[in-house]
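# Structural features, examined
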Amino acid sequence: MSSPSTSAFPSSFSISSSAKNEETITPASTASSSSCYYDILPTPYGGRGAFASRFIPKGTVILNCEGPYASVLLKKFRKEVCAWCFAWVFESTKGKKGTWSTRLESSVTENGGSSAWTPWFCGESCREDWIQAYSSEIDGVSDHGGALVGLMTSLDKTLLSYRNTKTRAKGKQKTPSSPATGNLASSSSSANHLFAFLDTWKTEDVSVESVDRCWKSAEATFTPPSLGKRTMILDFLESWNDASSEDFTELLTEFEVDCARFVLDGLVRLVLQQTNTRGPDHTSDGTFSHADMHSTLASQSEALENVKPTGYWSDLLHLQNNELEHVKRKPYMLGVFIRVYAFLRFVALSTLSATNPTKKSRGRKGHGMANDTVEAAAPKQDAFLETLVKLLETSEGVRAILARDHGNVFGIWEEGSPSDSNGEDDSSDSEMLGWGMYVFGSYFNHGSSSFRNSLFPFFFCSHVFLDCTPTVRKTQHSRSLCFTSTRDIAPGEELCINYIDVSKSNGVMKRNEELSKEWFFECGCARCDRERKELA
């Protein structure tokens, strides 16, 4: 990765992390990830995993992750799922459709009006917890989540105004035309657009060097001096969309929007940790003490051996960097990543402009952006947003999160466990509501005795002497993710969960098709070998 600008961050919050360094981290450097039950150690087959440091009886709660570092709720569930505890209204009403009724107070959204973005909550307690987690205090001035409200409002309204403008124009044009785009884009032709080639990239095109070149090109395109006005980012995305997309009325796909929200949540957490001067956790050099300011049990976490808070940016960087493997398997994903980066930079710049009363937000004529971004409630939001904009001058922050998204996140499911008491996945009839990155839970690998035909041997798998049966069961309890042993575990044995449905009804071919597609390896455990022989 290219070296980022870190002038806006203290050294302890440096956003750079070489992919090559990920595989050489020593146990001492991941001490924050360990507990008295397990150590994070290199595995015999590459990568790292969690290994029992002592005998663990069946039914032991090995780890309780209090919350995700970054998360997103799927669009269709935003009003139905509590933004804090992830409770689904469908379950609370015994199968009846509906939405939660608790939103942010008017003091948080007053300048955004009724059209401002708002999270929804199952009750007052969750609303207060959310406000505490996303609030900042800079030089004695408090902002109760207003900066995030402004960012999300700008994000939503940018997409909506684009869709409305394009839909109105759709009937008037036989083919989409390219807008005036200054020095960034000059044609809607796929052949001429700077990044449209990424939509048809092939595996043989992907290398460390080619991926780095694309990111550097994106940085040069979307930041000064190449960037004249922030609206040119939107113009550039529009011409790319017109050149490549089947539905040119949408600026981003629904998946890309979810990715953008997920990344933004992680970046907001990072910036809050850097700018917040509230409370005893903040020190004079801008770093933080060991307690996590976003943990609802931060004061208790130190005393509980199996409880881990949300974590820090450095904890996230310790996770496996899967960017190259992911893009090799799905080359088009690099285009998705770069569109997300460009869009977030536009959103941050637009929101910052709207917070300064001396600077009017000037949008493009016809796209409804002039007055559509939320006005700031707190004057010190500028400091928060300026830090975020500075961070987005390079792609490192966005890239770091997206490189660890695939293979390191967990689905947010409806209440209850996607696993039964034997550790077998029973999620086929469950509803996934979103996803979150629980950094300390990401070290539990898939439960199988070996791997075979792996495209990338250092990628996560496992090494326990079982069939496809995990030693650890994961369950979701409100915002927390809990990991419990499914049987007695000997010292030195790897702690493994199931990545997929390993129930008896899910056969070897289907299991390994999913593992190969999503995690880049095929399982070679005794059960899989036996079932393959039975099918031969």
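Each value, and the rule that gives it
- Residues numbered from 1 in each chain as written.
- Predicted model: local features only at pLDDT ≥ 70, side-chain atom pairs only at ≥ 80, totals over all residues.
- Heavy atoms only, no water.
- Salt bridge = Lys/Arg side-chain N within 4 Å of Asp/Glu carboxyl O.
- Helix = DSSP H or I, 4+ residues; strand = E, 2+ residues; numbered from the N terminus.
- Buried < 20%, exposed > 50% of the residue type's maximum accessible area, 1.4 Å probe, protein only.
- Pairing = 2+ DSSP bridges.
- Core = buried A, V, L, I, M, F, W, Y, C linked by side-chain atoms within 4.5 Å.
- Contact = heavy atoms within 4.5 Å.
- Disulfide = S-S within 2.5 Å.
- pLDDT = per-residue confidence, 0-100.
- Axes fitted to C-alpha atoms, helices over the stretch in contact; angles between N-to-C directions.
- Phe/Tyr/Trp six-rings, centres within 6.5 Å; stacked < 30°, edge-to-face > 60°.
- Lys NZ or Arg CZ within 6 Å of the ring centre and 35° of its normal.

## Topic: the pattern of salt bridges
If you walk through the whole model with that rule in mind, you get 14 salt bridges. The salt bridge involving Arg 399 is made with Asp 212; its shortest N-O contact spans 2.6 Å. Linking Arg 399 in helix α14 (residues 396-405) with Asp 212 in helix α6 (residues 208-222), this pair joins segments that are 187 residues apart in sequence. With a closest N to O distance of 2.9 Å, Glu 323 and Arg 399 form a salt bridge. Of this pair, Glu 323 sits in helix α11 (residues 323-329) while Arg 399 sits in helix α14, placing them 76 residues apart in sequence. Looking at Arg 399, the relative accessible area reads 3%, which means it is buried.

## Regarding α14
Among the 10 residues that make up α14, 10 are buried, leaving the element largely enclosed by the rest of the structure. Every buried residue of α14 is listed here: Glu 396, Gly 397, Val 398, Arg 399, Ala 400, Ile 401, Leu 402, Ala 403, Arg 404 and Asp 405. A positive phi of about 95° marks Gly 407, the residue just after α14.

## Some details on the pairing of strand β15 (residues 480-485)
In terms of residue burial, β15 counts as a mostly covered element, since six of its six residues are buried. Side chains of β15 alternate between two faces, with Ser 480, Cys 482 and Thr 484 and Leu 481, Phe 483 and Ser 485 buried alike. One ladder, built from six bridges, connects strand β14 (residues 472-477) with β15; its direction is antiparallel. Each residue of the ladder has a partner; that of Lys 474, found in β15, is Phe 483.

## Side note on the nonpolar core
Membership of the largest hydrophobic core comes to 118 residues, with the highest contact counts inside it found for Trp 130, Leu 334, Ile 338 and Leu 495. With residues up to four places along the chain from it excluded, the contact list for Leu 334 reads Leu 198, Trp 201, Val 211, Cys 214, Trp 215 and Val 327.

## Concerning the state of the cysteines
The tally for this structure, following the rule as stated, stands at zero disulfides. The closest cysteine sulfur to the non-disulfide-bonded Cys 482 is located on Cys 65, 8.9 Å from its own sulfur. On the basis of relative accessible area, Cys 482 is assigned to the buried category, the value being 9%.

## A word on unusual backbone geometry
Positive phi is not limited to glycine here, since Phe 86 has a value of about 65°. Residue placement: Phe 86 occurs in the loop between β4 (70-73) and α2 (89-92). With a phi close to 55°, Ser 478 is a non-glycine residue in the positive phi region. By the element assignment, Ser 478 lies in the loop between β14 and β15.

## Focus on the confidence of the model for the protein
For the protein, the average pLDDT comes to 73, and 64% of its residues sit at 70 or higher. Counting interchain partners and residues more than four positions distant, the pLDDT-below-50 stretch residues 1-34 has 77 contacts. When the criterion is pLDDT under 50, residues 106-114 qualifies, and its contacts beyond four places in sequence or with other chains add up to 14 contacts.

## Regarding the sheet that holds β4
Pairing is antiparallel across the open sheet formed by three strands, whose spatial order is β4-β11-β10. Only two strands of the sheet have a single neighbouring strand rather than two, namely β4 and β10 (410-413). For this sheet the average axis-to-axis angle between neighbouring strands, irrespective of direction, equals 25°. Examined bridge by bridge, β10 and strand β11 (residues 432-437) share four bridges and lie antiparallel to one another. Paired with Trp 413 across the strands is Met 432, a residue of β11.

## Overview of the packing of aromatic side chains
Counted under the stated rule, the structure contains 16 aromatic pairs. Judged by centre distance (6.3 Å) and plane angle (50°), the rings of Tyr 69 and Trp 313 are tilted. One end of the pair, Tyr 69, is in the loop between β3 (61-65) and β4; the other, Trp 313, is in helix α10 (residues 313-317), and 244 residues separate them in sequence. Owing to a relative accessible area of 1%, Trp 313 belongs among the buried residues under this scheme. The structure contains a cluster of three or more aromatic residues connected by ring pairs, namely Phe 195, Trp 215, Phe 222, Phe 236, Trp 240 and Tyr 341. Positioned above the aromatic ring of Trp 84 is the side chain of Arg 479, whose terminal nitrogen or guanidinium carbon lies 3.8 Å from the ring centre.

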